[in-house]
Amino acid sequence: MFKITKNDLTKKTDAQLAALFQQASIGLSAAKVDRLAAKPLLAMIRAERATRRLSP
């Protein structure tokens, strides 16, 4: 379902990250197979957003 690397996330805008997070969250609430793919992506997005908040 999702094939995104940490490097892909660093290239996205904040708005794109938010939209991707929303899509992954929807996938998380869908079929069990999607949940397995969405959980690591959600964690990567959270980490990228946290890194951006810490950077000046």
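Here's what I pulled together on the structure shown here. The residue numbers shown here count from 1 along each chain, following its written sequence. Local features in this predicted model are restricted to residues of pLDDT 70 or higher, and side-chain atom pairs are both shown and tallied only at a pLDDT of 80 or more, whereas totals for entire chains, interfaces and linings draw on every residue. Heavy atoms from the whole structure form the basis of all side-chain values; hydrogens and water molecules are not counted.

### Some remarks on the overall build of the protein
Okay, step 1: Numbering goes from the N terminus for both helices and strands, where a helix is a DSSP run of H or I of at least four residues and a strand is a run of E of at least two. The helix and strand tally for the protein stands at 3 helices and 0 strands.
Okay, step 2: Walking the protein from its N terminus toward its C terminus, one meets helices and strands in the order α-α-α.
Okay, step 3: For the protein, the proportion of its 56 residues judged to be buried stands at 20%.
Okay, step 4: Here the contacts in the protein between residues at least 6 apart in sequence split such that 60% fall between residues at least 24 apart. Relative accessibility thresholds used throughout: buried, under 20% of the residue-type maximum; exposed, over 50%; partly exposed, between the two (1.4 Å probe, protein chains only). Residues count as neighbours in contact if any of their non-hydrogen atoms are within 4.5 Å of one another.

### A few points about the nonpolar core
Okay, step 1: Residues grouped as a nonpolar core are buried Ala, Val, Leu, Ile, Met, Phe, Trp, Tyr and Cys residues, joined through side-chain atoms within 4.5 Å. Core analysis: the largest hydrophobic core is formed by 8 residues, namely L9, L17, L20, A24, A38, L41, L42 and I45.
Okay, step 2: At the level of secondary structure, the elements contributing two or more residues to this core comprise α2 (14-29) and α3 (32-54).
Okay, step 3: Residue contributions to this core peak at 4 residues, all from α3.
Okay, step 4: The contact partners of I45, leaving out residues within four places of it in the chain, are L9, L17, L20 and F21.

### Examining the pattern of salt bridges
Okay, step 1: Basic side-chain nitrogens of Lys or Arg form a salt bridge, by our definition, when they fall within 4 Å of a carboxyl oxygen of Asp or Glu. Applying the stated criterion across every chain, the model contains 3 salt bridges.
Okay, step 2: One salt bridge in this structure joins D14 and R52, with 2.8 Å as the shortest N-O distance. One end of the pair, D14, is in helix α2; the other, R52, is in helix α3, and 38 residues separate them in sequence.
Okay, step 3: For D14, a relative accessible area of 52% translates into the label exposed.

Structural measurements only, silent on function.
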